[in-house]
Amino acid sequence: MDDLPRNKSTLINVSASRENGTDIELSGNNNPESACHAAVKQTTKNENVLIYAIEDVPPWYLCILLGFQQYMTAFGSTISIPLILAGPLCIGSDYVGLSEIIATAFFMGGVSTLLQSIVGIRIPIVQGATFAYLTPTVAILGLPEWKCSIEARNHTIDLMATGVNGSEGFTDNYLTWHSRMREIQGAICVASLFQVIIGATGFLSIILRYIGPLTITPTITIMGLSLFPVAANKAATHWGISIATLCLIALFSQYFAWVSIPVPSYKRNSGCIVTKLPVFKLFPILLAMLTAWFLCFILTLTNAFPDDSSTWGYLARTDIRSDVIDRTPWFRVPYPCQWGLPTVSAGAVFGMLAGVLASMIESVGDYYACARLAGAPPPSARAVNRGIMVEGLCCLLTGLMGSGNGTTSYSENVAAIGITRVGSRIVVQTAGVLLIILGCVGKVGAVFITIPDPVIGGLFLAMFGMVAAVGLSNLQNVDLNSTRTLFILASSMFLGLTIPDWINKNPDVIHIGEASVRQIVIVLLTTSMFVAGAIGFILDLTIPGSSNKKDRIHVENDASLEDCRDVIDSRKAASIYDIPLISRYLRQHSYTRYIPFCVDL
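Keep in mind that what you see is a predicted model, and the values were worked out from it rather than measured.

About the cut-offs
- Residues numbered from 1 in each chain as written.
- Predicted model: local features only at pLDDT ≥ 70, side-chain atom pairs only at ≥ 80, totals over all residues.
- Heavy atoms only, no water.
- Salt bridge = Lys/Arg side-chain N within 4 Å of Asp/Glu carboxyl O.
- Helix = DSSP H or I, 4+ residues; strand = E, 2+ residues; numbered from the N terminus.
- Buried < 20%, exposed > 50% of the residue type's maximum accessible area, 1.4 Å probe, protein only.
- Axes fitted to C-alpha atoms, helices over the stretch in contact; angles between N-to-C directions.
- Left-handed = near helix turned anticlockwise from the far one by under 90°.
- Contact = heavy atoms within 4.5 Å.
- Patch = residues over 30% accessible without salt bridge, like charges linked within 9 Å, V, L, I, M, F, W, Y side chains within 5 Å.
- Areas by Shrake-Rupley, 256 points an atom, 1.4 Å probe, with all protein chains shown as cover.
- Expected span 1.5 Å × (residues − 1).
- Core = buried A, V, L, I, M, F, W, Y, C linked by side-chain atoms within 4.5 Å.
- Phe/Tyr/Trp six-rings, centres within 6.5 Å; stacked < 30°, edge-to-face > 60°.
- Polar contact = N/O pair within 3.5 Å; in protein donor to acceptor, adjacent residues only side chain to side chain.
- Parallel < 35°, antiparallel > 145°, perpendicular 65-115°, else oblique.
- pLDDT = per-residue confidence, 0-100.

### Focus on the pattern of salt bridges
All chains considered together, the criterion is met by 6 salt bridges. A salt bridge links D501 to K505; the shortest N-O distance between them is 3.3 Å. Taken together, the positions of D501 and K505, both in helix α21 (residues 483-505) and 4 residues apart, correspond to about one turn of that helix. Residue classification places D501 among the partly exposed residues on the basis of a relative accessible area of 39%.

Okay, here's the thing in structure tokens:
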């Protein structure tokens, strides 16, 4: 299948004006070359906002620090999912096993990040455990043959909340969770093949021909808004610390953004010199988290926080999980089938397909948001196909490794690019390497388990709100005075919040004979971003547009990638999405135009 036609999607538009909110009208009488020059001029002007663009390479020490910041941003979500799954898996007080699952999640997050940024979509986007797989996983483990006893489940939840490292008289065998994990592994592996096929065949690019801002906006916006319970639950453990963390992020990223700190350095020709480094602009998230964490540490030492696990504010302490550090091995490399050979059942596979569908929708939205914030042109259909295919392969590998989850693009790390203004690909690849290393060094990762919940909650308050704002920014190229546009946005976003909430409260209203089909329907209807995106997509296709077509999906005579290939600097155009080393050779063969996930011709 060839790439997208020239005069189709507004969203998949390589004109740099789409990245910067500048309207460059292109009609049949316009000169594409002059339009591309104007786009490049505007892009160059806007790129001053970015400290490091997608193909910029910061100094090695900044790569490590900025990569570590991305690692810290992904840390909360990556560790949250294994902790949530501990109850349904009936892990009990087997904290060593839990730490191994957490290490596997970090390890595969790093592997997936490297694969995606090198041969996949090739944008600076972090991959990690996904909440999209969580709902079907809990549903599978809730089946009678896998459901653990109520006593065991409650005991596990108590342990997770209090940080207790064991309990005498706990009757559930620690190794019984291995069989449950193998069932989840098999479901993830088989369901991930569906994602690989969708990307490899180019079926997704067919859908993308008809997707515009009125589909992407509610999908990304609701993605951020629907996560508010996660942020609220974490922040509610101690609102004072959470608000303090949020204020520190705002202080460092907005108020102190232009404050530079003198830093001694050395140059070969100049010797020892002092340079001014915009520390607060580069590391607002990392500085805010470390400051809030240190504040909690001081308040824990002074017993300002209660030491009773039933008292509000207890989870702000930094010593409630400190014993995990002693019990975690220093070094352990995760390996495939470490819990045994995966098992496969039809019901589990069909249920997990719902998570795969939701994950793909989330990832496509993240691709465009990440490219926008990193100063890259919108990815072509071929690049998106390749990204989805590689993401499916990464989920397959993650399922074999046994983290109890798959991998997807992290919205919070996309938001971190918007806050830090660092969109360098090499920085995210450094974060991937750190994820792999720290996934193997158990005690290093165990140290970060002691980060208090309200600190993570404060981070989520900033990150998820930023994701919603990025979604709304896609509306800069549509007519917001049009009643058609307002109706589509209102309907998709409002129903995207109300329908999942109602289905969650009334799951019995879905009457379908086949249990696996019913499970898929329930999971899809309870996924806010899927409901909002689907409604926006249907309405945008079926409701007639206005005569000026500013609120329509299709735009006449848009500048295509081939129009701009000889004009726009290759660093700013499609070469950003080229596969390293082999793209030049692939373009020499005509058959590659029929490969949907190949490089752009």
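Next comes the rest of the account.
### Comments concerning the packing of helix α9 (residues 213-225) against α21
When two helices pack together, their arrangement is captured by the angle between the axes and the distance separating the axes. Contact geometry of α9 with α21 gives a least axis separation of 10 Å together with a crossing angle of 35°. Of the two possible hands of crossing, α9 and α21 adopt the one that is right-handed. Between α9 and α21, the residues in contact are L214, T217, P218, T221, I222 and L225 and R484, T485, I488, L489, S492, M493, G496 and L497, respectively.

### Some words on a nonpolar patch on the surface
Residues L115, I118, V119 and L397 make up a contiguous nonpolar surface patch of roughly 270 Å² in combined accessible area. A relative accessible area of 32% places V119 in the partly exposed class.

### Focus on helix α20 (residues 453-473)
Along an α-helix, residues three or four apart share an orientation, since each turn contains 3.6 residues. Taking 1.5 Å as the rise per residue, α20 with 21 residues should run 30 Å; its terminal C-alpha atoms sit 30 Å apart, in good agreement. In terms of burial, α20 is largely enclosed, as 15 of its 21 residues are buried.

### What to know about α9
If you check α9, its first and last C-alpha atoms are 18 Å apart, about what 13 residues at 1.5 Å a residue would give, namely 18 Å. Taken across its 13 residues, α9 has 12 buried, putting it largely inside the fold. Within α9 the residues assigned to the buried category are P213, L214, T215, I216, T217, P218, T219, I220, T221, I222, M223 and G224.

### Re the side chain of T104
By the secondary structure assignment, T104 is in helix α4 (residues 95-118). You can call T104 buried: its relative accessible area is 0%. Setting aside its immediate chain neighbours within four residues, T104 contacts P334, Q338, M401, G402 and S403.

### A look at the side chain of T215
Along the chain, T215 turns up in helix α9. What T215 contacts, discounting residues up to four positions off in sequence, is G533, G536, F537 and D540.

### Considering the nonpolar core
Residues L66, L89, I123, M352, V384, I451 and M463 are the most contacted members of the largest nonpolar core, which totals 104 residues. Looking at this core element by element, the count peaks at 13 residues for helix α15 (residues 346-373). Discounting chain neighbours no more than four positions away, the residues touching L89 are I101, L141, W177, R180 and M181. If you look at the next biggest cluster of nonpolar residues, it comprises 8 residues, including L214, L475, V478 and L539.

### A word on the packing of aromatic side chains
The full count for this structure, using the stated rule, is 8 aromatic pairs. Their ring planes at 25° and their centres at 5.3 Å tell us that F252 and F280 sit as a pair that is stacked. A residue pair is termed long-range when its members are at least 10 positions apart, and F252 in helix α11 (residues 239-255) and F280 in helix α12 (residues 279-282) qualify at 28 residues. The pair F252 / F280 is uniform in exposure class, with both members buried. Put simply, the rings of F68, Y71 and F106 touch in pairs and so form one group of aromatic residues.

### Points about the environment of W293
On the secondary structure map, W293 appears in helix α13 (residues 284-301). Using a relative accessible area of 15% as the deciding quantity, one classes W293 as buried. Residues W293 and A316, spaced 23 residues apart in sequence, show a C-alpha to C-alpha distance of 9.2 Å.

### A closer look at the environment of N405
Tracing the chain through its elements places N405 in the loop between α16 (381-401) and β4 (408-409). N405 sits 268 residues away from T137 along the chain, and the two C-alpha atoms are 8.2 Å apart. If we ignore the near neighbours within four places in the chain, the residues touching N405 are I81, A129, T130, Y133, L134, I188, T398 and G399. Of the polar contacts made by the side chain of N405, one reaches the backbone nitrogen of T130; its length is 2.7 Å.

### A look at the packing of α11 against α20
Packing of α11 against α20 leaves a shortest axis separation of 7 Å and a crossing angle of 45°. As judged from the angle between their axes, α11 and α20 are oblique. Between α11 and α20 lies a crossing whose hand is right-handed. Between α11, through W239, I241, S242, T245, L246 and I249, and α20, the contact on the second element is made entirely by P454, V455, G457, G458, L459, L461 and A462.

### Let's talk about the confidence of the model for the protein
Across the protein, the average pLDDT comes to 75, with 77% of residues at or above 70. Within the model, the stretch residues 150-173 combines pLDDT values under 50 with 40 contacts to residues more than four positions away or in other chains. For the stretch residues 547-572, pLDDT sits under 50, and the model shows 87 contacts to residues farther than four places along the chain or on other chains.

### Some details on unusual backbone geometry
At C90, a position not held by glycine, the phi torsion is positive, near 60°. By the element assignment, C90 lies in the loop between α3 (60-85) and α4.

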